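Here is what each chain is made of, one letter per residue.
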Amino acid sequence: MADRKTERLMNLIFTLLVTRQYLSKDQIRQAIADYRESNQVAFERKFERDKEELRELGIAVETGTNDKYFDDEPGYRIRRDTAELPDLDLTREEAAVLGLAAQVWEHAGLASSSTSALVKLKAAGVDVDTDVLRMAEPKLSAHEPAFEVALDAAARSVPVRFAYRRPGADEPSQRHVEPWRILSWRGRWYLVGHDVDRDAPRMFRLSRVVGDLELDGEPGAFRRPPEEVVSAAATALFPRPSDRVARLSVAERRANALRRTATHVEAGPDGRDVLVVPFSTGWDLAAEIASYGPDVVVLDPPDLRDQVVARLRAVLADTGLPSPGVGA
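Keep in mind that this is a model prediction, so the values were computed, not measured.

A.B. asks: What should I look at first to understand the overall build of the chain in this one?
C.D. replies: When you go through the chain residue by residue, the secondary structure sums to 12 helices and 11 strands. Looking at the 328 residues of the chain, the share that counts as buried comes to 37%. Here the analysis covers contacts within the chain between residues at least 6 apart in sequence; of these, 60% occur between residues at least 24 apart. Here the chain has roughly 19,100 Å² of accessible surface; of this, 51% comes from carbon and sulfur atoms.

Next comes the structure, spelled out in structure tokens:
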């Protein structure tokens, strides 16, 4: 409930901030999903309470009409000059934290709702100023389905449970974790926390979560260790540095994630590129390469190629189709 209220307040701020005119109650209700899904009485109650909360936060909601010569319905807006912060003197570390928070905004479950609200306003003929939303422009990507739930659970100290497939394991195992922090490393997201079943700190790559990552308790159910303890655990558990390299033949304009990690790219035969990619765990890289199908072929080392071939053959076996001699 608290998350839904926070989302509604943020969307109300954006909705009233981007418009250059006063918005009627009906326009506001139609623009914001939580209001739209409420009956008239519930909407009125929520809207009045939300306006009061914004005022308590120092955000003034101005009331007025768009045409002073006619008896228009009163409307609402937030003036940009009253909502903007004064110049801040931040340290490099503070600025970096704020920048990262803004970049992750898209994946906190709020950007899609606020964008939807703006679309509805534009469709209603309301003039909006999207420049005020540049702070929300995301630059990080998080495609793992478990990301949003994991981020929310870590922020609110809610235990989670999920099925997790370890490298080399045939079947996933059930995990119960008290999440401490979400980390990004080389384009992949990790959850670090206390593994309840093993009574020890553990780190989990979110892309290896099988199915849904589910909340398994109430907010504040556990106490997060001091920051230095969390940082030390994350450092100790982090994947070891890449100590091997793979040479991969990659189709043109394909496998962009691999291209970003490549240390060298050269032209290969048949219009393909040859990428030199550092890695530490063959199991991980083989899984990624296999996901690209024929667009990526391992040239070297042989053991990595064998792992990719084994994965492709396993996929074929699951489909019941005969193997066409993969890797021959």
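And the narrative resumes.
A.B. asks: Is there a simple way to think about the environment of Pro225 in this case?
C.D. replies: By secondary structure assignment, the location of Pro225 is in the loop between strand 7 (209-215) and helix 9 (227-237). Taking the C-alpha atoms as reference, Pro225 lies 9.8 Å from His194; in sequence the two are 31 residues apart. The residues touching Pro225, leaving out its near neighbours within four places in the chain, are Trp180 and Val230.

A.B. asks: Whenever I open this one, the sheet that holds strand 9 (residues 264-267) confuses me. Can you help?
C.D. replies: Sheets are built from strands paired through backbone hydrogen bonds, the pairs being either parallel or antiparallel. Taken together, 4 strands build an open sheet; the order of strands is 9-10-8-11 and the sheet is antiparallel. In the strand order of this sheet, the two ends are held by strand 9 and strand 11 (296-300), each with one partner. Strand-to-strand twist in this sheet, taken as the mean axis angle between neighbours without regard to direction, amounts to 30°. The sheet contact formed by strand 8 (residues 244-250) and strand 11 spans 4 bridges and is antiparallel. Bridge pairing in strand 11 places Val250 opposite Val296.

A.B. asks: Got a minute to help me understand the sheet that holds strand 3 (residues 160-164) in this structure?
C.D. replies: Taken together, 5 strands build an open sheet; the order of strands is 6-5-4-3-7 and the sheet is antiparallel. Single-partner strands in this sheet number two, and they are strand 6 (200-205) and strand 7. Taken pair by pair, the neighbouring strands of this sheet meet at an average axis angle of 40°, ignoring direction. Direction of pairing for strand 3 relative to strand 7: antiparallel, over a ladder of 4 bridges. Residue pairing across strands places Val160 opposite Leu215, the latter belonging to strand 7. Across the sheet, helix 8 (residues 147-156) touches strand 3, strand 4 (173-185), strand 5 (188-195) and strand 7, and the angle it forms with strand 4 is around 85°.

A.B. asks: Looking at this structure, how should I read the environment of Phe222?
C.D. replies: The residue Phe222 is located in the loop between strand 7 and helix 9 in this model. Not counting residues within four places of it along the chain, the set of residues in contact with Phe222 comprises Ser157, Val158, Pro159, Glu178, Pro179 and Trp180.

A.B. asks: Would you explain helix 11 (residues 282-291) in this entry?
C.D. replies: For the α-helix, the turn length of 3.6 residues means that residues three or four positions removed from each other point alike. By the criterion of burial, helix 11 is predominantly enclosed, with 7 of the 10 residues buried. Every buried residue belonging to helix 11 is among Gly282, Asp284, Leu285, Ala286, Glu288, Ile289 and Ala290, and all of these are buried. At the exit of helix 11 stands Gly293, carrying a positive phi of roughly 60°.

A.B. asks: Honestly, the pairing of strand 8 in this entry has me stumped. Any pointers?
C.D. replies: Regular strands show a simple pattern: their side chains alternate between the two faces of the sheet. As defined by bridge partners, strand 8 adjoins strand 10 (residues 273-279) across 7 bridges and the pair is classed as antiparallel. For Val250, the partnering residue across the bridge sits in strand 10 and is Asp273.

A.B. asks: Hey, could you run me through the pattern of salt bridges in this one?
C.D. replies: A side chain with one charge can pair with a side chain of the opposite charge if their charged atoms come near. Tallying each qualifying case throughout the model produces 16 salt bridges. Its salt-bridge partner being Arg181, residue Glu227 comes within 1.8 Å of it at the nearest N-O pair. Linking Glu227 in helix 9 with Arg181 in strand 4, this pair joins segments that are 46 residues apart in sequence. Here Arg181 falls in the partly exposed class, since its relative accessible area comes to 21%. Bridged by salt links that share partners, the residues Arg8, Asp34, Lys46 and Asp50 form one connected network.

A.B. asks: Is there a simple way to think about the side chain of Ser249 in this case?
C.D. replies: For Ser249, the location among the structural elements is in strand 8. Setting aside residues up to four positions removed in sequence, Ser249 forms contacts with Arg272, Asp273, Asp295, Val296, Val297 and Leu299.

A.B. asks: What is the right way to read the environment of Asp300 from this model?
C.D. replies: Its location among the elements puts Asp300 in strand 11. In this structure the C-alpha to C-alpha distance between Asp300 and Val245, which are 55 residues apart in sequence, comes to 8.3 Å. When residues no more than four places from it in sequence are discounted, the contact partners of Asp300 are Val245, Ala246 and Arg247.

A.B. asks: How should I be thinking about the packing of aromatic side chains in this particular structure?
C.D. replies: Given two aromatic rings, one states the distance between the centres and the angle between the planes to describe the pair. Going through the model one piece at a time under the given rule, you end up with 8 aromatic pairs. Taking the centre distance of 5.2 Å and the plane angle of 75° together, the rings of Tyr35 and Phe43 count as edge-to-face. Seen in terms of ring centroids, Tyr164 and Phe204 are 5.0 Å apart; in terms of plane orientation they differ by 85°. Their pairing is edge-to-face. Pair noted here: Tyr164 is in strand 3 and Phe204 is in strand 6, with a separation of 40 residues, a long-range link. Phe204 shares its class with Tyr164; the two are buried. An aromatic cluster is present here, built from Tyr35, Phe43, Phe47 and Tyr76 joined pairwise through their rings. It is Arg77 that lies over the ring of Tyr22; its NZ or CZ is 4.4 Å from the centre.

What counts and what doesn't
- Residues numbered from 1 in each chain as written.
- Predicted model: local features only at pLDDT ≥ 70, side-chain atom pairs only at ≥ 80, totals over all residues.
- Heavy atoms only, no water.
- Helix = DSSP H or I, 4+ residues; strand = E, 2+ residues; numbered from the N terminus.
- Buried < 20%, exposed > 50% of the residue type's maximum accessible area, 1.4 Å probe, protein only.
- Contact = heavy atoms within 4.5 Å.
- Areas by Shrake-Rupley, 256 points an atom, 1.4 Å probe, with all protein chains shown as cover.
- Pairing = 2+ DSSP bridges.
- Axes fitted to C-alpha atoms, helices over the stretch in contact; angles between N-to-C directions.
- Salt bridge = Lys/Arg side-chain N within 4 Å of Asp/Glu carboxyl O.
- Phe/Tyr/Trp six-rings, centres within 6.5 Å; stacked < 30°, edge-to-face > 60°.
- Lys NZ or Arg CZ within 6 Å of the ring centre and 35° of its normal.

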